[in-house]
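Fold and geometry: a report
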Amino acid sequence: MGGTGPSLECCDNKDNDCDGTVDNGYDLSIDPLNCGVCGMECTLSHAIGGCAAGACVIDICLPWLREC
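**Here's the deal with the overall build of the protein chain**
Secondary structure summary: the protein chain contains zero helices and two strands in total. In the protein chain, the share of contacts with a sequence separation of at least 24, taken over all contacts with a separation of at least 6, comes to 6%. Entry remark: accessible area of the protein chain is about 4,900 Å², with carbon and sulfur atoms responsible for 57%.

**As for the pairing of strand β2 (residues 55–61)**
Bridge analysis of strand β1 (residues 47–52) against β2 gives six bridges, and the strand direction is antiparallel. By the bridge assignment for β2, Gly 49 is matched with Ile 58. Following β1, the chain reverses through two residues before pairing antiparallel with β2; Ala 53 in that reversal takes a positive phi of roughly 55 degrees.

**Describing the state of the cysteines**
All told, the structure shown has three disulfides when counted by the stated rule. Cys 42 shares a disulfide with Cys 56; S-S distance 2.1 Å. Here Cys 42 and Cys 56 share a disulfide; its torsion about the S-S bond, -80 degrees, makes the bridge left-handed. Here Cys 42 is found in the segment before β1, whereas its partner Cys 56 is found in strand β2, with 14 residues between them in sequence.

**Here we look at the environment of His 46**
As for its position among the elements, His 46 is in the segment before β1. A relative accessible area of 29% means that His 46 is categorised as partly exposed. A sequence separation of 15 residues divides His 46 from Cys 61, and the C-alpha atoms of the two residues are 6.8 Å apart.

Rules of the game
For every chain, the first residue of the written sequence is number 1, and numbering continues from 1 onward in sequence order. Totals for whole chains, interfaces and linings use all residues, but because this is a predicted model, local features are given only for residues with pLDDT of at least 70 and pairs of side-chain atoms are given and counted only at 80 or more. Processing note: side-chain calculations cover all non-hydrogen atoms of the structure and skip hydrogens and water entirely. Secondary structure elements follow DSSP: runs of H or I no shorter than four residues count as helices, runs of E no shorter than two count as strands, and numbering proceeds from the N terminus. Contacts between residues were defined by any pair of non-hydrogen atoms, one from each residue, lying within 4.5 Å. Accessible areas in this description were obtained via Shrake-Rupley with a 1.4 Å probe; residue shielding takes into account the shown protein chains only. Two strands make a pair as long as DSSP finds a minimum of two bridges between them. In this description, the term disulfide denotes a pair of cysteine sulfurs within 2.5 Å. The buried label goes to any residue with under 20% of its type's maximum accessible area, the exposed label to any with over 50%, and the partly exposed label to all in between, with areas taken from a 1.4 Å probe on protein chains only.

What follows is the structure in structure tokens.
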């Protein structure tokens, strides 16, 4: 009683779709919107951020900068 049914999976450390796997579909080791943990967005002011091995990295330097 009082439970909720399955819903779309989202990155929130819960098994939203009730398939037995938490946050399935999210690869926290490479997802720049959920890097290392859910909600950790790799945003940089001087470059386009990426995610490698669960850590934010510089993916692409912005074209008007010589170094980033």
